[in-house]
Amino acid sequence: MSFEIRKIVTYSEETRIEGFKATDKPVTMVGLAVVIKNPWAGRGFVDDLKPEIRANCSELGELMVERLVAAIGGADKIEAYGKAAVVGADGEIEHASAVIHTLRFGNHYREAVQAKSYLSFTNKRGGPGTSIQIPMMQKDDEGQRSHYITLEMQIEDAPRADEIVVVLGAADGGRLHPRIGNRYIDLEELAAEKANAQ
């Protein structure tokens, strides 16, 4: 058994100028979205979501990672990653979560890019054309704020009421011209300030 897939959408954007300043290394972000029929919609309150998770999520994760990696030009190019899901009006947020918040789904991505960080995420309810935000972070170090970056996209006819849009995001770099440091620098500064105040 597999999720019923209505469409697969690939979105890509390349940023060359930020803050009125050009860069020598543009950053490309790619979103790979799969629109699936919600297997729990129309069934009332379903206590056990696990049968569909076990039957479908690994296959979906494998398909999406393969397509995403190809779209960005190889797993070795991915520095930041994330995921998102949007459930239609006839579903629950828990249905969106059931698809993306399982190791059966996410491990395909982590293993493909040999990541150490967890996959940042959003999950929400929305209708056709709703804005989809895919927050990303550095795949090996969640403390590197330079790679806190968000890809935003939409699909004009999805999700329908009985659908879920499942999305993976990838970036081959972080924000252009990052200059707010990272959490490790903050910890050092706060410790120094505390020591000087004593």
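Since we're looking at a predicted model, the values are computed, not measured.

The next point concerns the packing of helix α1 (residues 50-72) against helix α3 (residues 103-112). Look at α1 against α3: their axes get within 7 Å of each other, and the N-to-C directions meet at 30°. It follows from the interaxial angle that α1 and α3 lie roughly parallel. When the axes of α1 and α3 are compared, the crossing they make is right-handed. Contacts between α1 and α3 involve Ile53, Arg54, Cys57, Ser58, Leu60, Gly61, Glu62, Met64, Val65 and Leu68 on the former and, on the latter, Arg104, Phe105, His108, Tyr109 and Ala112. Taken together, the residues of the contact of α1 with α3 break down into 9 nonpolar, 3 polar and 3 charged.

Inspection of the entire model under this criterion finds 8 salt bridges. Here Asp157 ties to Arg6 by a salt bridge, and the two come within 2.9 Å at their closest N and O atoms. Highlighted residues: Asp157 in the loop between β6 (149-153) and β7 (163-171) and Arg6 in strand β1 (residues 5-18), separated in sequence by 151 residues. Classification of Asp157 by relative accessible area gives partly exposed; the value is 27%. We note a salt bridge from Asp186 to Arg145, for which the minimum N-O separation is 2.6 Å. With Asp186 in helix α4 (residues 183-197) and Arg145 in the loop between β5 (132-138) and β6, the pair connects residues that are 41 residues apart, well separated along the chain.

All right, on to the nonpolar core then. One finds Val99, Tyr109, Ile164 and Val166 to be the most contacted residues of the largest nonpolar core, which totals 33 residues. Listed by contribution, the elements that provide at least two residues to this core are β2 (21-37), α1, β3 (80-87), α2 (93-100), α3 and β7. The element best represented in this core is α1, accounting for 8 residues. Excluding residues within four positions of it along the chain, Tyr109 makes contact with Val65, Leu68, Ile78, Ala80, Tyr81, Gly82, Leu119, Leu168, Gly169 and Ala170. By size, the runner-up hydrophobic cluster in this structure holds 19 residues, among which are Val27, Ala84, Met153 and Ala158.

With that out of the way, let us pick up the environment of Val9. Assignment of secondary structure puts Val9 in strand β1. Setting aside residues up to four positions removed in sequence, Val9 forms contacts with Gly31, Leu32, Ala33, Met153 and Ile155.

We now examine the pairing of β3. The buried count for β3 comes to 8 of 8 residues, which makes it a mostly enclosed element. Side chains Ala80, Gly82, Ala84 and Val86 of β3 all project onto a buried face; the interleaved residues Tyr81, Lys83, Ala85 and Val87 project onto the opposite face, where all are buried too. Relative to β5, β3 runs antiparallel, the two sharing 2 bridges. From the neighbouring strand, Ala80 faces β5, where its bridge partner is Gln138. The pairing of β3 with β7 spans 8 bridges and is classified as antiparallel.

Parameters at a glance
- Every chain is numbered on its own, with residues counted from 1 as its sequence reads.
- Since the coordinates come from a predicted model, pLDDT governs what is reported: local features require at least 70, and pairs of side-chain atoms require 80 or more to be given and counted, while whole-chain, interface and lining totals use all residues.
- Side-chain measures were taken over the full set of non-hydrogen atoms in the model, leaving aside hydrogen atoms and water.
- Axis definition: a line fitted to C-alpha atoms, limited for helices to the stretch in contact. Angles are taken between N-to-C directions and run from 0 to 180 degrees.
- Strands here mean DSSP runs of E at least two residues long; helices mean DSSP runs of H or I at least four residues long; both are numbered from the N terminus.
- Here the angle decides the label: under 35 degrees means roughly parallel, over 145 means roughly antiparallel, 65 to 115 means roughly perpendicular, and every other value means oblique.
- For any pair of crossing helices, the crossing counts as left-handed if the nearer helix is rotated counterclockwise from the farther one by less than a right angle, and right-handed if it is rotated clockwise.
- Should any heavy atoms of two residues lie within 4.5 Å, those residues are counted as being in contact.
- Each residue receives one of three labels: charged for Asp, Glu, Lys and Arg, nonpolar for Ala, Val, Leu, Ile, Met, Phe, Trp, Tyr, Cys and Pro, and polar for the others, Gly being one of them.
- Only one rule defines a salt bridge in this text: a Lys or Arg side-chain nitrogen within 4 Å of an Asp or Glu carboxyl oxygen.
- Burial status follows relative accessibility: with a 1.4 Å probe on protein chains alone, a residue under 20% of its type maximum counts as buried, one over 50% as exposed, and anything between as partly exposed.
- Residues grouped as a nonpolar core are buried Ala, Val, Leu, Ile, Met, Phe, Trp, Tyr and Cys residues, joined through side-chain atoms within 4.5 Å.
- What makes two strands pair is DSSP finding at least two bridges between them.

So, to be careful, I would describe these as geometric facts and stop short of saying anything about function.
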